[in-house]
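# Understanding the architecture of this molecule
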Amino acid sequence: MNFLRGVMGGQSAGPQHTEAETIQKLCDRVASSTLLDDRRNAVRALKSLSKKYRLEVGSQAMEHLTRVLQTDRSDSEIIGYALDTLYNIISNDEEEVEENSTRQSEDLGSQFTEIFIKQQENVTLLLSLLEEFDFHVRWPGVKLLTALLKHLGPQVQQIILVSPMGVSRLMDLLADSREVIRNDGVLLLQALTRSNGAIQKIVAFENAFERLLDIITEEGNSDGGIVVEDCLILLQNLLKNNNSNQNFFKEGSYIQRMKPWFEVGDENSGWSAQKVTNLHLMLQLVRVLVSPTNPPGATSSCQKAMFQCGLLQQLCTILMATGVPADILTETINTVSEVIRGCQVNQDYFASVNAPSNPPRPAIVVLLMSMVNERQPFVLRCAVLYCFQCFLYKNQKGQGEIVSTLLPSTIDATGNSVSAGQLLCGGLFSTDSLSNWCAAVALAHALQENSTQKEQLLRVQLATSIGNPPVSLLQQCTNILSQGSKIQTRVGLLMLLCTWLSNCPIAVTHFLHNSANVPFLTGQIAENLGEEEQLVQGLCALLLGISIYFNDNSLESYMKEKLKQLIEKRIGKENFIEKLGFISKHELYSRASQKPQPNFPSPECMIFDHEFTKLVKELEGVITKAIYKSSEEDKKEEEVKKTLEQHDSIVTHYKNMIREQDLQLEELKQQISTLKCQNEQLQTAVTQQASQIQQHKDQYNLLKVQLGKDSPHHGSANGGAQVNGIPPEEIGRLREEIEELKSNQEFLRSQLAEKDSLIENLKSSQTSRDTNEATASARDSEQTAELKQELATLKSQLNSKSVEITKLQTEKQELLQKIEAFSQSVPVPGESETVVAAKATDVEGRLSALLQETKELKNEIKALSEERTAIKEQLDSSNSTIVILQNEKNQLEVNITDSKKEQDDLLVLLADQDQKILSLKHKLKELGHPDEEEDELESIDQDDEDDEDEVDNNQGDN
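Parameters at a glance
Residues numbered from 1 in each chain as written. Predicted model: local features only at pLDDT ≥ 70, side-chain atom pairs only at ≥ 80, totals over all residues. Heavy atoms only, no water. Phe/Tyr/Trp six-rings, centres within 6.5 Å; stacked < 30°, edge-to-face > 60°. Helix = DSSP H or I, 4+ residues; strand = E, 2+ residues; numbered from the N terminus. Buried < 20%, exposed > 50% of the residue type's maximum accessible area, 1.4 Å probe, protein only. Lys NZ or Arg CZ within 6 Å of the ring centre and 35° of its normal. Patch = residues over 30% accessible without salt bridge, like charges linked within 9 Å, V, L, I, M, F, W, Y side chains within 5 Å. Areas by Shrake-Rupley, 256 points an atom, 1.4 Å probe, with all protein chains shown as cover. Salt bridge = Lys/Arg side-chain N within 4 Å of Asp/Glu carboxyl O.

### A short note on the packing of aromatic side chains
Applying the stated criterion to the full structure yields twelve aromatic pairs. Note on Trp437 and Phe600: the rings are 6.1 Å apart at their centroids and 85° apart in plane angle, and the pair reads as edge-to-face. Remark: Phe600 occurs in the loop between helix H36 (587-592) and helix H37 (610-628) and Trp437 occurs in helix H26 (residues 433-445); sequence separation between them is 163 residues. The buried category is assigned to Trp437, whose relative accessible area is 1%. A relative accessible area of 13% places Phe600 in the buried class. Taken together, a centroid distance of 4.9 Å and an interplanar angle of 85° make the contact between Tyr549 and Phe550 edge-to-face. One aromatic cluster is present, formed by Phe205, Phe209, Phe248, Phe249 and Tyr254 through successive ring pairs. In this structure, Lys143 is placed above the aromatic ring of Trp139, and the distance from its NZ or CZ to the ring centre is 4.0 Å. The ring of Trp271 carries the charged tip of Lys275 above its face, separated from the ring centre by 4.7 Å.

### Overview of unusual backbone geometry
The linkage connecting Asn358 with the following residue, Pro359, adopts the cis geometry, with an omega of -5°. Note on placement: Pro359 falls in the loop between strand S1 (354-355) and strand S2 (361-362). Its identity as a non-glycine residue notwithstanding, Met165 has a phi of 60°, on the positive side. Positive phi values are uncommon outside glycine, yet Asn207 reaches one of about 70°. For Asn207, the position within the fold is in the loop between helix H13 (197-205) and helix H14 (208-218). A relative accessible area of 36% means that Asn207 is categorised as partly exposed.

### Regarding a nonpolar patch on the surface
A contiguous nonpolar patch, built from Ile650, Tyr654 and Ile658 and spanning about 310 Å² of accessible area, is present on the exposed surface. Ile658 gets classed as partly exposed once you look at its relative accessible area, which sits at 47%.

Structure representation (C-alpha cells):
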C-alpha cells in the first residue's frame, strides 16, 4: 500500500514520463510478484489509472492482465479488477473522450479490441469466466464482452459462434436474479444478435422468446422502463428478416402474449416519453411479423393468429381512441394496414369497425377524412393512404363496396352521412394538390385488377354546377387535366386514368368517345417542355399507348391503326417511345417500386405509387411492341387470339367431358367392387349351405345303415310276442297314427300343388295385362301426337290467313281514304272513279272470300278441338283403366306374397310331419316290430325322399 501511495502521490507532481514509469512498475509487479496480495494491489492500481491513461495502460498492461485472467481464476477479486481494467481500456466513455480531446481522433477502443481478440482463446476465456456466479466477476465480464462486440462485432460474433456452448452461456445471463446483470445481459445479446442469422436462430432456440416476454410482463408491458425497451430491441433483432425465428415465434403461440401490450388503459393516465417509445417499438415488432417483404404464407398465418387472439381488435381500439399521441397513432395506422393487407378475414373485420362518434361512422370514412384534410400532418395522411391501399389489396369485395358508394343508387339522398366515395371525389377535385394525388391513388386501388368495378365506375355522374347537365367522372378527370393544374395533381389523375383504362376496352371506348382527349394527349407529348413536364409527357404517352393496346376498334375514327398513324405523323414513333421511357427513368420511380408503403420525405416527393410502378413495368414493353406492329400483324395476332380462345374452349370442353367420364368411371368401379363383394358373400353362403346339405345327407345315410343293422337283431330276439312289455295294441295304435300322418302329408302336398298353379296363373295374367297396358298407352300417345301435329298445321295456316286478311284490310283502308280524298277534292273524270270502285269491289270480294275461308278453318279447328277433347277423355278413361289394372296388379302381388307365405307354412308343416314320422320310426324300432314292418318303413323313407326332392324342385321353380 505504501508503494501504491507513493506511485499515486508522485503521479500528479512529477513530469509526464513518470506516468509511464509508474504503469511499467505496476506491470512488472503483476508479472513478477509471487504473492497474490501484491499482484492484486498492482492490478487495483492499474484499474484506477486506466480511465485517465487508457493508451499507456492498454499498451503496457493488456498482456499481463490477460495472463492474470488465466492464472488467478481462484481469486475473484483480482479477476474483477483485471476485467474492470480491460473494460476501461477498450470502452469509449464519452465523458473521458471529451476531457481528453487530444485522443478523440484515435479509435483506441477498436485498436485494443483488435489486439485482444487476435488471440481467440482470450474471448473463450472470457466466456468461461461468465459462468462464475460472483457478481464482481460476472458483471465486468458482461460489460467487457459487450464493449468488444460494439467495436468489432462480426469478428467477435464468429469467435463466439464456433466456441462450444458460447451462446448458451450468454443466455444464462437472462435468468440471473440480479437485475443489473440481467439488464446488461440483454444489452450484450443485442450486440451479439445484430445482423447474424445463425446466432439469432441459436438464441431463439435457447428459449429467448419466453424469457424476454416474461421480463416485459414483469416490468409492466408498455408502462415499463428502459428494460422493456431493450428487450423489444432484442426481439426485433431476433425476428427481423429471419423467417425461421418468425415461424418459431408464431408456432410457440407467442403472438397471443403480445395482446396485453396494447391495453393502454385510461386515456387520461398520461403518456410518458418512455411509454411512447415502448409502444412504438411494440408496434414495429408486430409489423416485423406481417411485413409485405416476408414470405406470403408466413405473413398470412401471422395475420390470422393476430385476428384470432384479438390483437387486431386491440389495435383498432387504439386507432379509434382519443388522446393518443400523433406518432403513436400514425404507427398504429401503419401496423393495422399490414395486419389486414391481403387477408380477407381481417379486411372484413376492419370494414365493420366504427368510430365512437354520434352517429357512429365507419373507421374507413373517419380515416379518409384525415387523408383529404390538408391541415392534418403529412405522415398521418401517408399512413391513412397506406391503410386504405392495404384494405383494398386483393379485396374485390371491399373494392365493390367503395365503388358502390359513388353510384347513384346508393348515395344517401338525405345528406346525413358522408360516404367513402364522396370523400374521395371531394379530395380528387379539391384545391390541395396533395389531396388530389392521394384521392386519385386511393381510387385507383379500388379499381386494381377488377374489370367489373372499372365498368361500374363509368356510370358515376358528377354535378359540376347548377343548371348544367352532369358529366361522367371519367370526363371530369380529363377536363381537370386539360386545365393545366399542378404537376402533382396531373400525375395523380394520369395514374388513375391509366389504371382505369388498362385491361378494360369499354373504358377505352368511353375515353376515346370524347373527341378532345386524343388531340390533348398528342399535343402534350409532341411539345418540347422542361424537365418538370417530362414526367407528365411520359404518363400521357402511357395513357395513349393503353388506348391503342386495349382498343377493341369499336370506334371507327379511333381504331388502332388510325391512332398509330396519328402518332407517326404528329409525334414520331421513336419520340413517342422515348417519352414513354421517361417514367421508369425518374429518380422517384425506383424509390416507389421498392416498398408498398408510401414513404416520402416531403409532400413534393409524392409522385409515384408502388402498384402503379408494377403496371408501368408490365405495360411498357407491350405498348412499345404494339406501336411498331403493322395492321397485318395486328390482324394475325387477333386471329391467333381467337384461335387460342377457341382452342381453350375446346380444351375446356374436353376437360369437362373427361372429368364427367372420370366420375362415371369411379361410380362404375365402386359398383363393380360392391358387386364383387356381394358375389363373394353369396358364393361363400352357397358353399356353406352345400357343405351343410352334404353333412345332413351323410348323417341320414349313416342312420339308415345303423337302422338296417339293428332291426334284424331286435326282431329275432323278441319273436312275435310283447316287445319290452308293450302290448300289440299299442303298436297298432302307433301304426294308425303313422297312416293318419301320411294321409295329412298327402293332403298338404295337394294343397301345395294348387297354390303353385294359382301363382303361375296370376303371373301369366299379370304379364298379359302389362302388355295390354303398354300397347294401349303407346296407341294413345301416337294418336295424341298426330292430333297435335294436325293442330299445329292448322294454326300455322290460320296465322298466314290472318296476316293476309290484315294486309287486305290495310289496302282497303288506304283505298277508302283515297276515295274520300277524291270525293273532297276537285271532281275527276268518271273513269277514275269507276276504276277505284272496281278495285274496292275486288278487294271486298277477296276479303269476303278470305273471311269465309277463315271461318271454315275456324270451324275445322273447332271440330279438331272437339275431337281432341274426346280423345283426351278416352285417354283419361284409359289412364283410369290403367290405374284400376295397376291396383289389381298390386292386389295380385299381395295375393302372391300371401300364397308364398302359405306355401312356406305348408313346408314347415311337412317338415314337422317328417319329424314326427321319424320319431315314430325310432319308437317302433325300440318296441321291436316285425320284419315286414321294417320293409314298409323303408318304403315310407323312400317315399319321403321322393317327396322332399319334389318339394325342392317346386321351390327351385318358384
